[in-house]
Amino acid sequence: MAFTINVNGQTHSVDVDGDTPLLWALRDVLGLTGTKFGCGVALCGACTVHLHGQATRSCVTTIDSIGTSEITTIEAINETEAGANIQKAWLDLEVVQCGYCQSGQIMSASALLASNPHPTDSDIDDAMSGNICRCGTYVRIRDAIKQAAAS
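All values reported here derive from a predicted model rather than from experimental measurement.

Visitor: So what exactly am I meant to see when it comes to the packing of aromatic side chains here?
Guide: The description of two aromatic rings rests on the distance between their centres and on the angle between their planes. One pass over the full model with this rule turns up 1 aromatic pair. With centroids separated by 5.4 Å and ring planes inclined at 35°, the aromatic side chains of Trp24 and Phe37 adopt a geometry described as tilted. With Trp24 in helix H1 (residues 22-29) and Phe37 in the loop between H1 and strand S3 (48-51), this pair connects stretches of sequence that are 13 residues apart. Residue classification places Trp24 among the partly exposed positions, given a relative accessible area of 30%.

Here's what the structure looks like:
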């Protein structure tokens, strides 16, 4: 079945089953491979995208549940003020180690700053708690969010 989805400001038609996870439509059909597969059950955050600005796990979000939602992926997050600030802070503070989780981390962090431009440590903990970094760069992630919030 063909579904029309809005990704990064462009309309796309994807011919997939309705229960296909958004993650696979993005990666396999549209070729947007910045969104990563991690666990497949919404526990690690590697697959995080924005649906109408809200951080959402694309591995468990089905195509038929999206409707007309605006989807933003890591490929276009720099087009938002919060996303550009987060990416700059990530580079400035050299947050990335292996890098696998970083697109999901950036997507969650930019959603946080878009909705709360001056988060407390508790706000950061709440927003980022579902994103796992096997390399343990959590201190640099927190510092980068704080730097982006200050800019």
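Next comes the rest of the account.
Visitor: Looking at this structure, how should I read the nonpolar core?
Guide: The nonpolar side chains of a soluble globular protein tend to be buried, and buried together. In terms of nonpolar packing, the biggest core is built from 19 residues, with Ile86, Trp90, Leu113 and Ile145 touching the most fellow members. At the level of secondary structure, the elements contributing two or more residues to this core comprise helix H2 (81-92), helix H3 (102-115), helix H4 (121-128) and helix H5 (138-150). Ignoring anything within four residues of it in the chain, the contact list for Ile86 reads Ile106, Ala109, Ser110, Leu113, Ile145 and Ala148. Core analysis: the second largest hydrophobic core is formed by 14 residues, Val16, Ala25, Leu26 and Leu51 among them.

Visitor: When you look at a negative patch on the surface in this model, what are you seeing that I'm missing?
Guide: Taken together, the side chains of Asp15, Asp17, Asp19 and Asp64 present a region of like negative charge at the surface. Mapped onto the elements, Asp64 comes out in the loop between strand S4 (54-57) and strand S5 (70-72).

Cut-offs and rules
- Residues numbered from 1 in each chain as written.
- Predicted model: local features only at pLDDT ≥ 70, side-chain atom pairs only at ≥ 80, totals over all residues.
- Heavy atoms only, no water.
- Phe/Tyr/Trp six-rings, centres within 6.5 Å; stacked < 30°, edge-to-face > 60°.
- Helix = DSSP H or I, 4+ residues; strand = E, 2+ residues; numbered from the N terminus.
- Buried < 20%, exposed > 50% of the residue type's maximum accessible area, 1.4 Å probe, protein only.
- Core = buried A, V, L, I, M, F, W, Y, C linked by side-chain atoms within 4.5 Å.
- Contact = heavy atoms within 4.5 Å.
- Patch = residues over 30% accessible without salt bridge, like charges linked within 9 Å, V, L, I, M, F, W, Y side chains within 5 Å.
- Areas by Shrake-Rupley, 256 points an atom, 1.4 Å probe, with all protein chains shown as cover.
- Salt bridge = Lys/Arg side-chain N within 4 Å of Asp/Glu carboxyl O.
- Lys, Arg positive; Asp, Glu negative; His and termini not counted.
- Charge placed at Lys NZ, Arg CZ, Asp CG, Glu CD.

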